[in-house]
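Here's the letter readout for the chains.
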Amino acid sequence: MHKPLVLSALLAAATISGCDIFGGPAADIPDAELRQKWRECKSISNPSRTKVLACENYVRECDRRKSKGNIACY
């Protein structure tokens, strides 16, 4: 009885999330801006939880680009 409701909810969530579910918000940042944000993260001594999450995203994007041969952050 609840299966159609659950299936509809999952389908709606997949549609809303968009096609590029692995790209993330940092994927659209140009190399120079990503490098600047990555360096800024390295210099923060006591970051907030929000900043920690943002910095983790920048590091993940740097690693993703590095695996494709683009050494934007290193």
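Residues numbered from 1 in each chain as written. Predicted model: local features only at pLDDT ≥ 70, side-chain atom pairs only at ≥ 80, totals over all residues. Heavy atoms only, no water.

1. Considerations on the state of the cysteines
Simply put, disulfide is the name for a covalent bond between the sulfur atoms of two cysteines. Keep this limit in mind: In this description, the term disulfide denotes a pair of cysteine sulfurs within 2.5 Å. The secondary structure listing takes helices from DSSP runs of H or I that are at least 4 residues long and strands from runs of E that are at least 2 residues long, numbered from the N terminus. The buried label goes to any residue with under 20% of its type's maximum accessible area, the exposed label to any with over 50%, and the partly exposed label to all in between, with areas taken from a 1.4 Å probe on protein chains only.
On inspection of all chains with the given rule, the structure shows two disulfides. Across the disulfide, C41 is cross-linked to C55 (sulfur-sulfur distance 2.0 Å). Sign of the S-S torsion, about -85 degrees for the bond between C41 and C55, identifies this disulfide as left-handed. One end of the pair, C41, is in helix α2 (residues 31-43); the other, C55, is in helix α3 (residues 49-67), and 14 residues separate them in sequence. The burial state of C41 is the same as that of C55; both residues are buried. In this model, C62 is linked to C73 through a disulfide, with the two sulfur atoms separated by 1.9 Å. Looking along the S-S bond of the C62-C73 disulfide, the torsion reads about -65 degrees, which is the left-handed sense. Of this pair, C62 sits in helix α3 while C73 sits in the segment after α3, and the two are 11 residues apart along the sequence.

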